[in-house]
Amino acid sequence: MKKIPIGVTDFKEILNGNYYLVDKSLLIKEIIDDGSKVILLPRPRRFGKTMNMSMLKYFFEKTDEDNSFLFKDLNIYKYKNIMERQGKYPVIYLTFKDEKYLQWNDCKSGMKFIIGSEFKRHSYLLESNVMDDEEKSIYKDIMNLKAEDIYYHKSLLSLSMYLWKYYNEKTIIFIDEYDVPIQSGYANGYYEEVISFIRNFLSGGLKDNIYLEKGILTGILRVAKESIFSGLNNLSVYSILKNKYSSYFGFSESEIEEIFKYYKVEFKLDKVKSWYNGYVFGDNIIYNPWSILNYVNNWDEGLQPYWINTSSNDLVKKLITKGGQQIKNELEDLIQNKSISKEINENIEMKEVDKSTENVWSFLLLSGYLKTVNKIRKADGRLVCELAIPNLEVKYLYNEIIMSWFKESLNNDEFNLMLNSLVKGDIETFDAIFADYVIKSFSYFDIGYESENFYHAFVLGILVALNDKYIIKSNRESGYGRYDIMIIPKDIEKIGIIIEFKKVNKRRKETLDIAAENALAQIKNMNYKQELLELGVKNIIELGIAFEGKDVMVLS
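By convention here, each chain's residues receive numbers from 1 onward along its written sequence. For a predicted model such as this one, the threshold for reporting local features is a pLDDT of at least 70, and the threshold for listing and counting side-chain atom pairs is 80 or more; totals across whole chains, interfaces and linings nevertheless cover every residue. Only hydrogens and water are set aside; all other atoms, that is, all heavy atoms of the structure, feed into the side-chain values.

### Thoughts on helix α11 (residues 253-262)
Part 1 of the argument: Taken as a whole, α11 has its buried residues at Glu255, Ile256, Ile259 and Phe260. Along the axis of α11, the buried residues cluster in a sector spanning 135 degrees; they form a single face.
Part 2 of the argument: Residue contacts follow a heavy-atom distance rule, with two residues in contact if any of their heavy atoms lie within 4.5 Å. Here a strand is any run of E in DSSP of at least two residues, a helix any run of H or I of at least four, and the numbering for each starts at the N terminus. On its buried side, α11 packs onto α12 (269-276) and α13 (289-297).
Part 3 of the argument: Where α11 terminates, the next one or two residues include Lys264, which has phi positive at roughly 55 degrees. For the exposure calls, accessible area comes from a 1.4 Å probe over protein chains only, and a residue counts as buried if that area is under 20% of its type's maximum, exposed if over 50%, partly exposed in between. Starting at the helix axis, one direction is taken to each C-beta atom, and the arc is that of these directions.

### Side note on the side chain of Asp34
Part 1 of the argument: Topologically, Asp34 is positioned in the loop between α2 (26-33) and β1 (38-42).
Part 2 of the argument: In protein, a polar contact requires one atom able to donate a hydrogen and another able to accept it; more generally it is a pair of N or O atoms within 3.5 Å, and residues adjacent in sequence count only if both atoms are side-chain atoms. In terms of polar contacts, Asp34 uses its side chain to reach the side chain of Tyr238, at 2.9 Å.

### What to know about the confidence of the model for the chain
Part 1 of the argument: Scored from 0 to 100, pLDDT reflects the predictor's confidence in each residue. Within the chain, residue pLDDT values average 89, and 94% of them lie at 70 or more.
Part 2 of the argument: Across the chain, the element-wise mean pLDDT spans from 73 in strand β11 (residues 470-478) up to 98 in strand β3 (residues 171-176).

### What to know about unusual backbone geometry
Part 1 of the argument: Here Asn18, not a glycine, exhibits a phi torsion of approximately 60 degrees, which is positive.
Part 2 of the argument: Here Asn18 is to be found in the loop between α1 (11-16) and α2.
Part 3 of the argument: With a phi angle near 55 degrees, Asp208 is a residue other than glycine that sits in the positive phi range.
Part 4 of the argument: Secondary-structure assignment places Asp208 in the loop between α10 (191-206) and β4 (212-219).
Part 5 of the argument: Exposure remark for Asp208: the relative accessible area of 67% places this residue in the exposed category.

### Let's talk about the sheet that holds β4
Adjacent strands of a sheet pair through backbone hydrogen bonds, lying either parallel or antiparallel.
Part 1 of the argument: By this definition, two strands are paired if DSSP reports at least two bridges between them. Pairing within the open sheet is parallel, and its five strands lie in the order β2-β3-β4-β1-β5. Looking at strand neighbours, the two that pair on one side only are β2 (91-95) and β5 (235-237), the edges of this open sheet. Along the sheet, successive strands turn relative to each other by an average axial angle of 10 degrees, direction set aside.
Part 2 of the argument: As defined by bridge partners, β1 adjoins β4 across five bridges and the pair is classed as parallel. Interaxial angles span 0 to 180 degrees and are taken between N-to-C directions of axes, which are lines fitted to C-alpha atoms, for helices over the stretch in contact.

### Thoughts on the pairing of β2
Part 1 of the argument: β2 sits mainly inside the fold: four of its five residues count as buried.
Part 2 of the argument: Bridge count for β2 against β3 is five bridges, and the pairing is parallel. Note that in β3 the partner of Thr95 across the bridge is Asp176.

### A look at the side chain of Lys57
Part 1 of the argument: Turning to its location among the elements, Lys57 is positioned in helix α3 (residues 49-60).
Part 2 of the argument: Residue classification places Lys57 among the buried positions, given a relative accessible area of 14%.
Part 3 of the argument: Setting aside its immediate chain neighbours within four residues, Lys57 contacts Val91, Tyr93, Arg121 and Phe174.

### Comments concerning helix α9 (residues 180-188)
Part 1 of the argument: When you tally the buried positions in α9, you get seven out of nine residues, the bulk of the element.
Part 2 of the argument: For α9, the set of buried residues is Val180, Pro181, Ile182, Gln183, Ser184, Gly185 and Tyr186.
Part 3 of the argument: Two residues or fewer after α9 comes Gly189, characterised by a positive phi angle close to 85 degrees.

### Observations concerning the pairing of strand β9 (residues 371-377)
Part 1 of the argument: Taken together, the six bridges between β9 and strand β10 (residues 383-388) define a ladder with antiparallel strand orientation. Across the sheet, Arg377 pairs through a bridge with Leu383, a residue of β10.
Part 2 of the argument: In this structure, the hairpin formed by β9 and β10 is closed by a connection of five residues, where Gly381 is found at a positive phi of approximately 95 degrees.

### Remarks on the packing of helix α14 (residues 314-321) against helix α16 (residues 357-366)
Part 1 of the argument: Look at α14 against α16: their axes get within 11 Å of each other, and the N-to-C directions meet at 150 degrees. With respect to α16, the axis of α14 lies roughly antiparallel. Of the two possible hands of crossing, α14 and α16 adopt the one that is left-handed. Contacts between α14 and α16 involve Leu315, Val316 and Leu319 from the former and Val360, Phe363 and Leu364 from the latter. Working definition: roughly parallel below 35 degrees, roughly antiparallel above 145 degrees, roughly perpendicular at 65 to 115 degrees, and oblique for all remaining angles. By definition, any crossing whose near helix is turned counterclockwise from its far helix by less than a right angle is left-handed, and any crossing with a clockwise turn is right-handed.

### What to know about the packing of aromatic side chains
Part 1 of the argument: Pairing of aromatic rings covers Phe, Tyr and Trp, the last through its six-membered ring, and needs centres within 6.5 Å; plane angles under 30 degrees mean stacked, over 60 mean edge-to-face, and all others mean tilted. As enumerated under the stated definition, the model contains 32 aromatic pairs in all.
Part 2 of the argument: Ring geometry for Phe59 and Phe60: centres 5.0 Å apart, planes at 85 degrees, overall edge-to-face.
Part 3 of the argument: What makes Phe59 buried here is its relative accessible area of 0%.
Part 4 of the argument: Taken together, a centroid distance of 5.2 Å and an interplanar angle of 45 degrees make the contact between Trp307 and Tyr369 tilted. Placement of Trp307 in the loop between α13 and α14 and of Tyr369 in the loop between α16 and β9 is noted, with a sequence separation of 62 residues between them.
Part 5 of the argument: Site record: aromatic cluster; members linked through ring pairs are Phe11, Tyr58, Phe59, Phe60, Phe71, Tyr89, Tyr93 and Phe174.
Part 6 of the argument: Whether a charge sits over a ring comes down to the Lys NZ or Arg CZ being within 6 Å of the ring centre and within 35 degrees of the ring normal. The aromatic ring of Phe281 is capped on one face by Arg43, whose charged end is 5.5 Å from the ring centroid.

What follows is the structure in structure tokens.
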């Protein structure tokens, strides 16, 4: 029985170590047939990028050891003209997947260490005549992490030149997870510094490099507007929205069925689909490979959220938490299994990701936190996508983010007591805890006391917390208008609740109690309870909640 390769990303180790391998070797043929000099393949994390890059390295790299045996049982082996290219090229291989630091100096040192290690891997060049004494001295300084920054900027170009002189073959450059340091820089305040370093580094090796055979990069985003790739007219980008290369990252349904069959795992496809499926790469429906392999390894423990627990998800939490009323309103629709239509920007500038809702949704889509339900390319070239949450695993993350908002202001016991008091009709207890929550959460959301933003956060909170026993609706038509929140019990013998929010209108000389009375009057005059009555709910509480800054009043 083959071992399950959880966390094993070295292609040779997987084959030699008797691990289960899903054959993605035809990616090699597609790379070779692609006329592009430089190829960027952005994909969400944990979808097999590093594994595929390792496979490409073992295929192309010219070494003392013959690695052709690694491919003899794979699909690529039947293409003899492709196999003739195996082991023919010098290779530069770098991965920045772990380069995440709080300080710029640490990040720069980390990237220099990665570059220096690759120079050390090719240290045999120092024994040849491809360099003069001065070049050898600089080479050693890079390798020993003593060189000035300028030599690391030019390191891709110089190393590819030395490899070309040694092998008399152009070099293939692989750079895995190139944008991890960029995201770390954005999150930790050294964005401009990391952009400058990576721009110079990549331009030196990929732009007008006569010693380059082909360059392959992976990451999550293109971030083209950063000018990282400015002037690189030989670059082709194949994001998850493109069909080309779409089947080589993640698992197809037929591939997971083979895995389950091999390991004799009992499963119900519809349940596995609901948890780990739903990603759309090009025209292909894709399963999350990390989650599938972990599920197979722990299938007797049931379906669990594996993928979302492999990262802190801090950037996602920041974007959603600090997002305005529109983002929270649309997130509410997504949580209720609806879709939203958004213009998608495939060329996100990282520092601008939180400057517009379109950029936020684009980032979430390209990072794997949303999926496309439908795509429309407008006549002017704009791409408009219908977006939805891919599956229950990702929905679990959104629920966790929403619940964390409340935990910042209330502990679990207080939060549960607040909602239990609400649904049991103990409005006095609810009022007391809710007023305290408002004071704390307004500062947390940094919204300048805008009650609309808080209101949507509160809706999301009760939507997630009460979802098992209640149907939560907001801003929906009933009677003669639109109510703010309706809490509909699945057991019609329990209490149904209608909530209307009002912000005190100072120009009308309103007070808190007048605004709350007006909210109750609106519920009555618009006959909002009609929907509950038609559903058979007879025990109904109507709440008018008024805001003025951090002050709140609840009337029932």
